[in-house]
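# An overview of the molecular structure
The primary structure of each chain is shown beneath.
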Amino acid sequence: MALAIMGFLHHRVAPLSLCRADKFLLASAAVTLGSATVFGPGALGLGMPLSAYALLVADGIFRPASSLLYPTLVRGRTDRPRVALTFDDGPDPEVTPAVLDLLAKYHARATFFVIGRYLDKHRALGERMHREGHEIGNHSWHHSPFQNFYPASGHGVEIDRCSQLIQAVTQSKREPLYRPPVGLKSPGMSRAAHKRKLEVVAWSIHSRDTMARDPHAVANGVVNRARPGDIVLLHDGHDRENHHRPLILEALPLLLEGLRQRGLESVTVSELSNETQPATPAPNGARLAADDARS
């Protein structure tokens with residue numbers, strides 16, 4: 001009966017272009033109503049479906065890889081020896097330039113999910129990212145710890161302000177990839193992302209670089225787990241003003257060398273997911289040679 005109700009709702013609400021979160025909420029309400037009708041308004045009829053609903057919603061919100069409330073890219077194509085390194089919370093003028101130097105040295109490309117207010121202050125770093133063949137993704141404007149409680153309109157303001165700046169930096173009208181702060185996906189975020197047809201990106205490997213103190217442990221943890229198609233979460237910035245995460249500068253060369261030894265190439269998320277939009281060319285040979293000599 002529940003499946004029949006969900007199927008009915010799918011066909012009825014699809015023309016309204018509801019987001020996945022709203023379709024789930026409607027289907028859950030229908031299932032709960034059907035259960036209460038059949039079993040009565042008791043523990044079996046209401047308690048069990050409501051408990052299951054609460055667990056599913058919590059998973060959809062708090063597990064970054066979940067696609068329950070919104071389709072989420074966690075891994076890319078696995079038919080080529082490629083992974084995508086992604087860097088969150090920058091750009092940081094004390095860390096990001098050295099990260100870019102290391103990526104250039106190893107002929108690696110990456111995706112930087114930037115915080116808009118930092119990109120606004122350090123626009124030259126964003127321009128360098130784009131110029132050197134990296135992808136710039138949207139990580140909201142403020143990266144507020146309370147953003148998951150915002151309504152759809154609040155998420156929209158955060159998304160649009162950062163997207164517009166990224167588009168100005170890259171001189172592109174393309175909507176950037178989006179990674180919500182902390183990877184949380186509330187119904188409000190789902191509605192805002194659905195309205196903008198955003199591609200939301202999570203990760204398949206968390207480097208734990210925000211908690212670790214040993215750069216070798218961070219690098220080894222990524223290299224030993226990495227498989228073709230993986231999206232790796234790293235950090236070149238900090239969501240708190242005037243805080244920094246320099247550990248990446250010790251871990252990244254170890255990580256890049258380990259990937260090279262395993263025959264894994266680092267590319268952008270869009271390249272890994274095989275989007276038709278071409279990536280900006282990688283740094284030219286002269287630039288790479290200069291970086292190699294400087295190292």
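One structure accompanies this document, and this report is about it. In this text the structure is predicted, and so the values were computed from the model without any measurement. (Residues numbered from 1 in each chain as written. Predicted model: local features only at pLDDT ≥ 70, side-chain atom pairs only at ≥ 80, totals over all residues. Heavy atoms only, no water.)

### Here's the deal with the overall build of the chain
Formally: In DSSP terms, a helix is any run of H or I states spanning at least four residues, a strand is any run of E spanning at least two, and both are numbered starting from the N terminus. For every residue, the accessible area (1.4 Å probe, protein chains only) is compared with the maximum for its type, and the residue is labelled buried under 20%, exposed over 50%, or partly exposed between those bounds. Residue contacts are counted whenever heavy atoms from the two residues lie within 4.5 Å of one another. In these tables, accessible area is a Shrake-Rupley quantity obtained with a 1.4 Å probe, and a residue counts as shielded only by the protein chains included in the view.
Helices and strands together make up the secondary structure of the chain, namely 12 helices and 8 strands. Buried residues in the chain amount to 50% of all 295 residues. Relative to all contacts within the chain whose residues are 6 or more apart in sequence, the contacts with residues 24 or more apart total 79%. A total accessible area of about 14100 Å² is found for the chain, and carbon and sulfur atoms account for 59% of it.

### A short note on the pairing of strand 2 (residues 82-88)
Our working rule: Any two strands are treated as partners once DSSP identifies two or more bridges connecting them. Classification remark: right-handed applies to a crossover when, strands pointing away from the viewer, the course from the first strand over the helix to the second runs clockwise.
Among the 7 residues of strand 2, 7 are classified as buried, and the element is accordingly described as predominantly covered. On strand 2, burial covers both faces: Arg 82, Ala 84, Thr 86 and Asp 88 on one face and Val 83, Leu 85 and Phe 87 on the other are all buried. Where strand 2 and strand 8 (residues 265-267) come together, 3 bridges link them in parallel fashion. Looking across to strand 8, one finds that Arg 82 is bridged to Glu 265. With 4 bridges joining them, strand 2 and strand 3 (residues 110-114) adopt parallel strand pairing. Within strand 3, the position partnered with Asp 88 by the bridge is Phe 113. A crossover connection joins strand 2 to the parallel strand 3 through helix 4 (residues 96-105); in handedness this β-α-β unit is right-handed.

### Remarks on the packing of aromatic side chains
Cut-off, in case you're wondering: Any two of the Phe, Tyr and Trp rings considered here, Trp counted by its six-membered ring, make a pair once their centres fall within 6.5 Å; the pair's planes then place it as stacked at under 30 degrees, edge-to-face at over 60, or tilted in between.
Applying the stated criterion to the full structure yields 2 aromatic pairs. For the ring pair Phe 24 and Tyr 53, a centre distance of 5.9 Å and an interplane angle of 15 degrees mean the geometry is stacked. Of the two residues, Phe 24 sits in helix 2 (residues 20-39) while Tyr 53 sits in helix 3 (residues 43-62), which places them 29 residues apart along the sequence. The class of Phe 24 is buried, set by a relative accessible area of 13%. When the ring of Phe 87 is compared with that of Phe 112, the centres are 5.1 Å apart and the planes differ by 20 degrees; the resulting orientation is stacked. Remark: Phe 112 occurs in strand 3 and Phe 87 occurs in strand 2; sequence separation between them is 25 residues. The same class applies to Phe 87 and to Phe 112, which are both buried.

### Brief notes about the packing of helix 7 (residues 152-170) against helix 8 (residues 187-196)
Under the convention used in this document: Inter-axis angles, ranging from 0 to 180 degrees, are taken between N-to-C directions of lines fitted to C-alpha atoms, where helices are fitted over the stretch in contact. An angle below 35 degrees is read as roughly parallel, one above 145 as roughly antiparallel, one from 65 to 115 as roughly perpendicular, and any other as oblique. Working rule for handedness: look at the near helix, and if it is turned counterclockwise from the far one by less than a right angle, call the crossing left-handed; if clockwise, right-handed. When residue character is reported, Ala, Val, Leu, Ile, Met, Phe, Trp, Tyr, Cys and Pro are called nonpolar, Asp, Glu, Lys and Arg charged, and the others, Gly included, polar.
Put simply, helix 7 and helix 8 touch, their axes get as near as 8 Å, and they point 55 degrees apart. Looking at the two axes, helix 7 sits oblique to helix 8. Crossing hand, helix 7 versus helix 8: right-handed. Along the contact surface, helix 7 presents Ala 152, His 155, Gly 156, Ile 159 and Asp 160, while helix 8 presents Gly 188, Met 189, Arg 191, Ala 192 and Arg 196. Taken together, the residues of the contact of helix 7 with helix 8 sort by class into 4 nonpolar, 3 polar and 3 charged.

### Observations concerning the pattern of salt bridges
Just so we agree on the cut-off: Any carboxyl oxygen of Asp or Glu within 4 Å of a side-chain nitrogen of Lys or Arg constitutes a salt bridge here.
Under the defined criterion, the tally for this structure stands at 17 salt bridges. Notably, a salt bridge pairs Glu 265 with Arg 109, separated by 3.9 Å at the nearest N-O pair. You can see Glu 265 sitting in strand 8 and its partner Arg 109 sitting in the loop between helix 4 and strand 3, a full 156 residues away along the chain. A salt bridge links Arg 117 to Glu 241, with the shortest nitrogen-to-oxygen separation between them at 2.9 Å. Taken together, the residues Arg 117 in helix 5 (residues 116-121) and Glu 241 in the loop between strand 7 (231-235) and helix 10 (247-261) connect sequence positions 124 residues apart.

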